[in-house]
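Report on the structure
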Amino acid sequence: MLKHTIAEVRELVKQWKKEGLTVGLVPTMGALHAGHLSLIKKAVEKCDRVVVSVFVNPIQFCPGEDLDKYPRTLEADTKLCEDAGVSIVFAPSPSEMYGEGQMRTNDFLTYVIPPFFYVNKLCGKSRVGHFDGVCTVVNKLFNIVQPDYAFFGEKDAQQLIIIKKMVKDLNIPVEIIPCPIVREESGLALSSRNKYLSENDKKEALVLSKILNNIKLCYKKGITDIESLKETAYTFLNEHHDLEYLEFMNQTNLDEVKIADDNTRVFIACRVGGVRLIDNILLGE
Ligand code: PAF
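From a predicted model like this one, the values you see are computed outputs, not experimental measurements. (Residues numbered from 1 in each chain as written. Predicted model: local features only at pLDDT ≥ 70, side-chain atom pairs only at ≥ 80, totals over all residues. Heavy atoms only, no water.)

A closer look at the site of the ligand
Neighbouring the ligand are the residues Pro27, Thr28, Met29, Asn57, Gln60, Val134, Val137, Phe152, Asp156 and Gln159. Between the ligand and the protein, one listed contact pairs an oxygen atom with a side-chain N or O atom of glutamine 60 at 2.6 Å. Within the side chain of glutamine 159, one N or O atom sits 2.7 Å away from an oxygen atom of the ligand. Starting from 290 Å² of accessible surface for the ligand in isolation, the protein chains cover 89%. At the level of elements, strand 2 (23–28) and helix 7 (130–145) are the ones that each hand at least two residues to the shell around the ligand. Residues belonging to the shell around the ligand are distributed by class as follows: five nonpolar, four polar and one charged. (Near = heavy atom within 4 Å. Polar contact = N/O pair within 3.5 Å; in protein donor to acceptor, adjacent residues only side chain to side chain. Areas by Shrake-Rupley, 256 points an atom, 1.4 Å probe, with all protein chains shown as cover. Helix = DSSP H or I, 4+ residues; strand = E, 2+ residues; numbered from the N terminus. Nonpolar A, V, L, I, M, F, W, Y, C, P; charged D, E, K, R; others polar.)

Structure follows, in structure tokens:
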């Protein structure tokens, strides 16, 4: 079940393919929660064999981000995967993926760079190089596992849109399956970073889903002008909230939108108690 090397995974997948079995991949950075489990459940239902990768990908962290602090719970993650019917948990070391040298030096040089227009906004604006790291590792995982289907959460909607574009542009033979955001009863979108929130911060963090739900309500009542919709959000913010962005984009190509329609996705990023949280909602759902 738990595999650390590319060679072991390749060997097993080769056997499955020979038997004509379909393979699903759920890429994760571990610290699995109910959000991941919903992706895994979907994958197990759809595919004969499922690989879950657990890899805290160093090249998608920007300087000053939480790479060292990022939660690592491999034993618990493996147990959860086992119970869910996963065939392989692939947990490579950074050197297995990128060689022994320092990142961006001579050992590993070939990156997949997504289109500037898709990354110069939303999370890509403050996390410069983040999506290069994501596309590069996801491409490597696709090459290692060669899945028929790969499952990504809509919580990271910009990531999902960029990966879909990469798959289309590079003719990668995999079907991307988007999976809806899983929320706590309170409305808080599940995230591995929620672990860093104090009880009070958790209450304050509800501001993200409250803003999004209220915008959707206003849209359903007929307000489509973006500036007016944004205005409704500011009334929810207080000194506990450090809003990074609130943006309205076409959900297929990340074009900025001036007048909202059913294809508009609203994206929010906000720091609460120093923890950077993101969320989004599609207005037409
Ligand atoms: O969404 C994540 O957890 C990561 O960005 C991913 C897709 C596993 C790549 O490291």
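Observations concerning the sheet that holds strand 9 (residues 275–282)
Remark on secondary structure: sheet strands pair via backbone hydrogen bonds, oriented parallel or antiparallel. Taken in spatial order, the three strands make up an open sheet running 7-8-9, and their pairing is antiparallel. Edge positions in the sheet fall to strand 7 (241–250) and strand 9, since each of these pairs with one other strand and no more. Put simply, the sheet's adjacent strands are angled 15 degrees from each other on average, direction ignored. (Pairing = 2+ DSSP bridges. Axes fitted to C-alpha atoms, helices over the stretch in contact; angles between N-to-C directions.)

Overview of the environment of valine 119
Along the polypeptide, valine 119 turns up in helix 5 (residues 116–119). On a C-alpha basis, the gap between valine 119 and arginine 10 in space is 32 Å, while along the polypeptide they are 109 residues apart. Leave out the neighbours within four places in its chain, and valine 119 touches Pro114, Gly124, Lys125, Phe131, Gln158 and Ile162. (Contact = heavy atoms within 4.5 Å.)

Some details on the packing of helix 1 (residues 6–18) against helix 7
Contact pair helix 1 / helix 7: the axes reach a minimum separation of 8 Å and the direction vectors enclose 50 degrees. Taken together, the axes of helix 1 and helix 7 are oblique relative to one another. Contacts between helix 1 and helix 7 involve Ile6, Val9, Arg10 and Val13 from the former and Asn143, Ile144 and Val145 from the latter. Classifying every residue of the contact of helix 1 with helix 7 by side-chain character gives five nonpolar, one polar and one charged. (Parallel < 35°, antiparallel > 145°, perpendicular 65-115°, else oblique.)

Re unusual backbone geometry
A positive phi angle is found at alanine 31, which is not glycine, with a value near 50 degrees. With respect to the helices and strands, alanine 31 occurs in the loop between strand 2 and helix 2 (34–46). In this structure, asparagine 171 takes a positive phi of about 50 degrees despite not being glycine. By the element assignment, asparagine 171 lies in the loop between helix 8 (157–169) and strand 6 (175–179).

Considerations on the nonpolar core
Phe90, Met97, Phe142 and Ile176 are the most contacted members of the largest nonpolar core, which totals 48 residues. In terms of residue count, the dominant contributor to this core is helix 7 (nine residues). Among residues more than four places away in sequence, those in contact with methionine 97 are Ile6, Phe55, Phe90, Pro92, Val137, Lys140, Leu141 and Ile144. By size, the runner-up hydrophobic cluster in this structure holds 26 residues, among which are Leu208, Ala260, Leu277 and Leu283. (Core = buried A, V, L, I, M, F, W, Y, C linked by side-chain atoms within 4.5 Å. Buried < 20%, exposed > 50% of the residue type's maximum accessible area, 1.4 Å probe, protein only.)

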